[in-house]
Amino acid sequence: MCISVYIINLSFRKDRLINVLKEFEGKDEFQVEIISAFHDGAKGLWRTINMIIDEKIDNSIEYFILCEDDHIFTDSYSIDLLKKSIETAKENFADILLGGVSSFKSIYPVKDSVYWINSFTGLQFCVIFRPMLERIRRFYFTEGNDTDIIFSDISSKKFLIFPFVSVQKEFGYSDITQNNTSLGVVNSLFDASSTLIYSLINRHDFYRNVLNSKIDNSSVEEMLIPTYIVNLKKRKDRLCHILNEFKNKIEFQVEVIEAIENRIGALGLWLTIRAIIEKAKYNDDDVILICEDDHVFTENYDRKLFIYNILNAYRLGADIICGGIAGGFDHVIILNNNMVWVDTFLSTQFTVIFKKFFDQILEMPFNENVMADRAFSEISTNIMVMSPFISIQKNFGYSDIDFEYDSNHIQNLFRNSFMTLNSLELAIKDLELDE
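Quantities reported herein were computed from a predicted structural model and do not represent experimental measurements. (Residues numbered from 1 in each chain as written. Predicted model: local features only at pLDDT ≥ 70, side-chain atom pairs only at ≥ 80, totals over all residues. Heavy atoms only, no water.)

S.K.: Any details on the sheet that holds strand E16 (residues 332-336)? Residues and values, ideally.
M.R.: The eight strands lie next to each other as E12-E11-E13-E18-E15-E19-E17-E16, forming an open sheet whose pairing is mixed. The two strands at the open ends of the sheet, each matched to only one other strand, are strand E12 (252-258) and E16. Averaged over neighbouring strand pairs, the angle between their axes works out to 25° when direction is ignored. Two strands pair when backbone bridges link them, and strand E15 (residues 320-322) and strand E19 (residues 383-386) are joined in this way by three bridges, in the parallel orientation. Residue Ile320 lies in a different strand from E19, and its bridge partner there is Ile383. Each of strand E11 (225-231), E12 and strand E13 (287-292) is contacted by helix H8 (residues 236-245), which is oriented at about 160° to E11, the strand it contacts most. (Pairing = 2+ DSSP bridges. Helix = DSSP H or I, 4+ residues; strand = E, 2+ residues; numbered from the N terminus. Axes fitted to C-alpha atoms, helices over the stretch in contact; angles between N-to-C directions. Contact = heavy atoms within 4.5 Å.)

What follows is the structure, given as structure tokens:
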């Protein structure tokens with residue numbers, strides 16, 4: 001196995017050239033060629049990559065490695081690991097396989113040390129497969145573009161070797177990314193990514209192990225959810241709407257809670273949520289639903305599936321389950337066909353809260369800038385979302401929470417959030433089919 005490696009280097013960056021050549025010393029598995037880069041920042045890097053594709057890659061090459069001159073092999077690197085990872089990536093019709101990333105969004109285990117990722121930054125060691133070439137050629141680069149972000153956006157199947165086999169060396173300057181000019185910044189980015197990946201992998205494995213066990217179906221039939229509806233007394237139109245939403249839904253034990261009115265709407269909502277939590281503690285509720293009066297059930301709502309998800313979320317140690325969200329998340333774990341884990345979220349129109357989370361809510365310090373969704377995200381790492389959404393927000397043309405309310409913007413956020421989660425679920429299903 002001899003892999004073509006094209007190392008991009010500005011001719012006056014001798015320190016970087018010395019660094020990267022040292023990294024490849026004694027590694028006979030690579031056929032290394034130094035490519036003199038165009039000197040024009042990010043645009044120069046893009047032009048250089050296109051020049052490599054046009055002048056160096058013929059039809060016989062199935063893949064090659066693009067390497068920047070700040071690349072460093074980690075202790076995890078071995079030729080066997082790289083070879084197996086490339087084969088796994090090929091089996092999954094990869095566009096690119098990365099040796100290490102400085103940031104990413106969402107990750108999913110594929111096989112051994114290979115993981116699918118949804119997006120990334122960091123292009124210092126990248127295996128590029130033939131399907132990616134034409135996409136690179138077709139892309140029109142404009143001022144302000146970043147090459148790694150372009151690669152992330154135009155590649156449909158991105159994979160990562162983890163633990164990382166490549167990171168970036170600190171030189172105290174960057175020819176591409178101005179934010180990386182201070183010593184320590186680059187190392188901290190790769191360290192943070194690695195730590196987060198370990199955390200997400202462990203979380204994923206735990207969830208899958210729990211979900212492999214069965215739920216007693218009798219619990220689904222018997223469960224009744226204490227439901228606290230938040231409504232300002234003066235909002236009769238909203239009250240009429242929300243009561244109609246719960247009409248004939250016997251699984252909900254509905255109680256209307258008069259919202260605490262405050263000149264800062266979001267603060268009033270948070271104070272109302274705290275009052276509801278105190279009431280739930282007094283009632284010794286195990287799980288409750290807090291529902292704002294602009295909630296709307298979608299066509300995806302199903303009573304048995306909803307209860308089933310609550311029971312599953314309880315087993316997974318969830319703090320809250322959202323019926324639908326307006327985005328706000330970076331990382332997602334697909335749990336099953338109708339529920340996902342997210343790291344953060346926006347919107348609280350339909351929020352199931354478990355007893356284990358009550359005290360954390362009540363003990364959280366807050367001020368007049370508090371936002372309920374941000375607060376929940378800040379104090380919880382166990383947030384689940386129904387997917388597809390069973391709840392969205394009704395457009396009343398105004399908001400009691402946000403003075404800069406834009407109904408079209410809110411609706412678009414829900415739509416985009418749904419589409420993002422749906423595309424992630426489809427990508428994971430595609431991977432599972434490839435296996």
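S.K.: Break down the layout of surface pockets for me, with residues and values.
M.R.: One simple way to see leftover space: roll a probe sized like a water molecule over the atoms. Computed from the structure, the largest pocket encloses a volume of approximately 920 Å³. Around the largest pocket, the lining comprises 40 residues; the ones closest to its centre are Glu292, Ser399, Asp400, Ile401 and Asp402. Among the elements that make up the lining of the largest pocket, the one with the highest residue count is helix H9 (residues 265-282) (four residues). In the lining of the largest pocket, the residues fall into 16 nonpolar, nine polar and 15 charged. (1 Å grid on protein atoms, 1.4 Å probe; cavity = no way out; pocket = protein on both sides within 12 Å on 5 of 7 lines; lining within 4 Å. Points joined across faces, edges and corners; volume = space filled by probe spheres on them. Nonpolar A, V, L, I, M, F, W, Y, C, P; charged D, E, K, R; others polar.)

S.K.: With reference to specific residues and values, describe the nonpolar core.
M.R.: In this structure, Phe64, Phe151, Phe306 and Met384 are the most contacted members of the largest nonpolar core, which totals 76 residues. It is helix H6 (residues 185-211) that provides the largest number of residues to this core, a total of eight residues. If you look at the next biggest cluster of nonpolar residues, it comprises 72 residues, including Phe73, Leu81, Leu232 and Ile277. (Core = buried A, V, L, I, M, F, W, Y, C linked by side-chain atoms within 4.5 Å. Buried < 20%, exposed > 50% of the residue type's maximum accessible area, 1.4 Å probe, protein only.)

S.K.: Can you break down H6 residue by residue, with the values?
M.R.: Residue pairs spaced three or four apart in an α-helix point in one direction, given the helix's 3.6 residues per turn. For H6, which comprises 27 residues, the first-to-last C-alpha distance of 39 Å matches the rise-based estimate of 39 Å (1.5 Å per residue) to within 8%. Listed in full, the buried residues belonging to H6 are Val186, Phe190, Ser193, Ser194, Ile197, Leu200, Ile201, Arg203, His204, Tyr207, Val210 and Leu211. (Expected span 1.5 Å × (residues − 1).)

S.K.: Now, about the packing of aromatic side chains: what can you tell me, with residues and values included?
M.R.: According to the stated counting rule, one finds 30 aromatic pairs in the structure shown. A centroid spacing of 5.6 Å and a plane angle of 70° characterise the contact between Phe73 and Phe125, whose relative ring orientation is edge-to-face. Taken together, the residues Phe73 in strand E4 (residues 71-73) and Phe125 in strand E8 (residues 125-129) connect sequence positions 52 residues apart. Taken as a pair, Phe73 and Phe125 share a single burial class, namely buried. Between Phe164 and Phe190, the ring centres sit 6.2 Å apart and the planes meet at 90°, which makes this aromatic pair edge-to-face. On the criterion of sequence distance, the pair formed by Phe164 in the loop between strand E9 (158-161) and strand E10 (166-168) and Phe190 in helix H6 is long-range, its members being 26 residues apart. We note that Phe164, like Phe190, is buried. Taken together through their ring pairs, the aromatic side chains of Phe246, Phe252, Phe297, Tyr301, Phe306 and Phe350 make up a single cluster. (Phe/Tyr/Trp six-rings, centres within 6.5 Å; stacked < 30°, edge-to-face > 60°.)

S.K.: Pulling in residues and values, what's your account of the sheet that holds strand E1 (residues 3-9)?
M.R.: Reading across the sheet, the eight strands line up as E2-E1-E3-E8-E5-E9-E7-E6 and stay open at both edges, with mixed pairing between neighbours. Unpaired on one side and paired on the other, strand E2 (30-36) and strand E6 (103-111) mark the two borders of the sheet. Within the sheet, the average angular offset between the axes of one strand and its neighbour, ignoring direction, is 30°. As judged from the seven bridges shared by E1 and E2, these two strands associate in the parallel manner. For Ser4, the partnering residue across the bridge sits in E2 and is Gln31. Taken strand by strand, helix H2 (residues 41-56) contacts E1, E2 and strand E3 (63-68), and its axis lies near 130° from that of E2.

S.K.: Could you give me a rundown of unusual backbone geometry, with the residues and numbers involved?
M.R.: Cis geometry is adopted by the peptide bond preceding Pro163, which originates at Phe162 and carries an omega value of 5°. Assignment of secondary structure puts Pro163 in the loop between E9 and E10. Cis geometry is found at the peptide bond from Ser387 to Pro388, where omega equals 5°. Mapping Pro388 onto the fold places it in the loop between E19 and strand E20 (391-393). Phi is positive for Ser347, which is not a glycine, with a value near 95°. Positionally, Ser347 belongs in the loop between strand E17 (339-342) and strand E18 (350-354).

S.K.: Now, about empty space enclosed by the protein: what can you tell me, with residues and values included?
M.R.: Counted by the stated rule, this structure contains one cavity of 30 Å³ or more. Size it by volume and the largest cavity reaches roughly 60 Å³. Considering the residues around the largest cavity, the lining is formed by Ser106, Ile107, Tyr108, Trp116, His204, Arg208, Val332, Ile333, Ile334, Leu424 and Ile428. For the lining of the largest cavity, the secondary structure elements donating two or more residues are E6, H6, E16 and helix H13 (407-434).

S.K.: Mind laying out the side chain of Lys158, listing which residues take part and the relevant values?
M.R.: For Lys158, the location among the structural elements is in strand E9. In this structure the side chain of Lys158 is engaged in a polar contact, spanning 3.0 Å, whose partner is the backbone oxygen of Ser152. A distance of 2.7 Å separates a polar atom in the side chain of Lys158 from the backbone oxygen of Ser155. Not counting the four nearest positions on each side in its chain, Lys158 is found in contact with Ile96, Tyr115, Trp116, Ile117, Asn118, Ser119, Phe120 and Ser152. (Polar contact = N/O pair within 3.5 Å; in protein donor to acceptor, adjacent residues only side chain to side chain.)

Fair warning: the whole summary comes from geometry, so function is off the table for now.
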